[in-house]
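Topology and contacts: notes
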Amino acid sequence: MRSIRWGIIGCGDVTEVKSGPAFQKTEGSALVAVMRRDGEKARDYARRHGVPRAYDRADDLIQDSEVDAVYIATPPSSHAELAFRVAAAGKPCLVEKPMALNHAECLKMIGAFQSRRLPLWVAYYRRALRRFQIVHDRLREGAIGRLTSVHVHVSAPLATGADTSNWRIDPSVSGAGLFFDLGSHCFDLLDFLVGRITRVDGHSINTAGAYPAEDVTVAAFEFENGSLGTGVWNFNAPEKTDVMTFIGSEGELTSPIFSDTGVVMKRRTVTTIEEVRNPPHVHQPLIETIVDELRGSGNCPSTGESAARTSWALDRCVADYYGRD
């Protein structure tokens, strides 16, 4: 079977190591075109990564007859519009996370691809990493008994100086603050590891006034299986914290979300650590599932539908802060 030929819209930092090389190193995949509004930067990326073509207009890449599928790696505010254009061109699409500015945009994107019977995936690559597959398997095996509760704790020092101009804390570009950028991975993992979240009650505030977006968010949520969860995302804290804790009737399991460390399980008096490390290009395992799906031999675990569920949960958490319904 021939290789899937990819084009990237928005060849910025995330594509340098995390994702871009993975399209070239995945079996049955090739990166043939990249696009950036700054044409010289696009050409520089193409030269450094051995990509045949570079564009400075998204439509030129989308309409390239030698591009089979498109990866949208721009900030969230442009995801929906670019995805609509990819769907109109009749091509499959992988979109960076968060999927869009809000849940309503996600649903429109899903509809555009469903109406043309085209696949739409979202780059929640942690679903395909071995670390989280281990957590998934241990929970399904009942390694800590019946899962009763989950707690997520993510914190980081306050953004200051030049960092306050980062698009990730500009709600008009990102949809909210760092909660959307980092919390989206957390809620997507919960959906993957535990199951569908059926209820979310959240509250966001701005404690520092360093930028317009919220800097602290808390949430309580309920899963379809009856277990409960809580989360704290504090971006005005003294240090970084990064942990997801699963408590069961017979033990406890903890895993990092963003750090590259092992999975710890405590059951009665016994503690075990399953050491696991990320691959060099962390998007590659997910990209491999997409390429397999396109070639008819598998399925990607991160779809537009699953990503839309995450956006729904995120929206519920910041609704009071932004006055959204």
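An account of the accompanying structure is given in this report. (Residues numbered from 1 in each chain as written. Predicted model: local features only at pLDDT ≥ 70, side-chain atom pairs only at ≥ 80, totals over all residues. Heavy atoms only, no water.)

**A look at the sheet that holds strand S12 (residues 252-255)**
Put simply, the rule is: At least two DSSP bridges between two strands are needed for those strands to be called paired. Labels follow the DSSP assignment, with helices taken as runs of H or I lasting at least four residues and strands as runs of E lasting at least two, numbered in each case from the N terminus. For every element, the axis is a line fit to its C-alpha atoms; helices are fit only across the contacting stretch, and the angle between N-to-C directions ranges from 0 to 180 degrees. Residue contacts follow a heavy-atom distance rule, with two residues in contact if any of their heavy atoms lie within 4.5 Å.
If you trace the 8 strands from one edge of the open sheet to the other, you get S8-S9-S10-S7-S11-S12-S13-S14, paired in mixed fashion. Here the strands that pair on one side only, and so sit at the sheet edges, are strand S8 (197-205) and strand S14 (270-274). Ignoring strand direction, the axes of neighbouring strands in this sheet form an average angle of 10°. Relative to strand S10 (residues 228-234), strand S7 (residues 147-155) runs parallel, the two being bridged by 7 bridges. When the sheet's bridge partners are listed, Ser149 is paired in S10 with Leu228. On top of the sheet, helix H11 (residues 304-322) reaches S8 and strand S9 (216-223); it is set at about 35° to S8, its chief contact.

**Topic: the sheet that holds strand S5 (residues 93-95)**
The 6 strands lie next to each other as S3-S2-S1-S4-S5-S6, forming an open sheet whose pairing is parallel. In this open sheet, the two edge strands, each paired with only one partner strand, are strand S3 (53-55) and strand S6 (120-122). The mean inter-strand angle of the sheet, taken between neighbouring strand axes irrespective of direction, is 25°. The sheet strands contacting helix H5 (residues 79-88) are strand S1 (4-9), strand S4 (69-72) and S5, and the helix crosses S4 at an angle near 175°. Seen against the sheet, helix H10 (residues 284-294) touches S1, strand S2 (29-35), S4, S5 and S6 and runs at an angle of roughly 130° to S1.

**Things to note about the packing of H5 against helix H6 (residues 103-114)**
To keep it simple, the criterion reads: Any angle that falls under 35 degrees is termed roughly parallel, while one over 145 is termed roughly antiparallel, one within 65 to 115 roughly perpendicular, and all others oblique. The classification used treats Ala, Val, Leu, Ile, Met, Phe, Trp, Tyr, Cys and Pro as nonpolar, Asp, Glu, Lys and Arg as charged, and all other residues, Gly among them, as polar.
At a minimum axis distance of 9 Å, the contact between H5 and H6 shows a crossing angle of 5°. Judged by the inter-axis angle, H5 sits roughly parallel to H6. Along the contact surface, H5 presents His79, Ala80, Ala83, Phe84, Val86 and Ala87, while H6 presents Glu105, Lys108, Met109, Ala112 and Phe113. Taken together, the residues that form the contact of H5 with H6 break down as 8 nonpolar, 1 polar and 2 charged.

**Side note on the environment of Ile247**
The condition is simple: Exposure is judged per residue with a 1.4 Å probe applied to protein chains only, and the accessible area is read against the type maximum: over 50% gives exposed, under 20% gives buried, and values in between give partly exposed.
Relative to the helices and strands, Ile247 resides in strand S11 (residues 241-248). Classification of Ile247 by relative accessible area gives partly exposed; the value is 33%. For Ile247 and Thr74, which are 173 residues apart along the polypeptide, the C-alpha to C-alpha distance reads 37 Å. Leaving out residues up to four positions away in the same chain, Ile247 has contacts with Ile144, Arg146, Leu147, Thr148, Ser149 and Glu252.

**Considering the packing of aromatic side chains**
How we decide: Each pair of aromatic rings taken from Phe, Tyr and Trp, with Trp reduced to its six-membered ring, is defined by centres within 6.5 Å and is described as stacked if the planes are under 30 degrees apart, edge-to-face if over 60, and tilted in the remaining cases. A ring has a charge above it when a Lys NZ or an Arg CZ is no more than 6 Å from the ring centre and no more than 35 degrees off the ring normal.
Tallied over the full model, the rule gives 9 aromatic pairs. Aromatic side chains Phe179 and Phe180 sit 6.2 Å apart centroid to centroid with 50° between the ring planes, which places their arrangement in the tilted category. In this structure, Phe179 and Phe180 share a single accessibility class: buried. Between Phe179 and Phe187, the aromatic rings sit 6.4 Å apart at their centres with planes inclined by 90°, giving edge-to-face as the arrangement. Phe187 carries the same exposure label as Phe179, and that label is buried. Above the ring of Phe132, the side-chain terminus of Arg131 is found at 5.9 Å from the ring centroid. Sitting above the plane of the Tyr322 ring, Arg324 keeps its charged end 4.3 Å from the centroid.

**Quick word on the pairing of S7**
As judged from the 8 bridges shared by S7 and S11, these two strands associate in the antiparallel manner. Residue His153 lies in a different strand from S11, and its bridge partner there is Val243.

**Digging into the environment of Gly202**
Within the secondary structure layout, Gly202 lies in strand S8. Given the relative accessible area of 22%, Gly202 is considered partly exposed. Sequence separation between Gly202 and Ala319 is 117 residues, and the spatial gap between their C-alpha atoms is 8.2 Å. Look past the residues within four positions of Gly202 in its chain and what remains in contact with it is Val218, Ala219, Arg316, Cys317 and Asp320.

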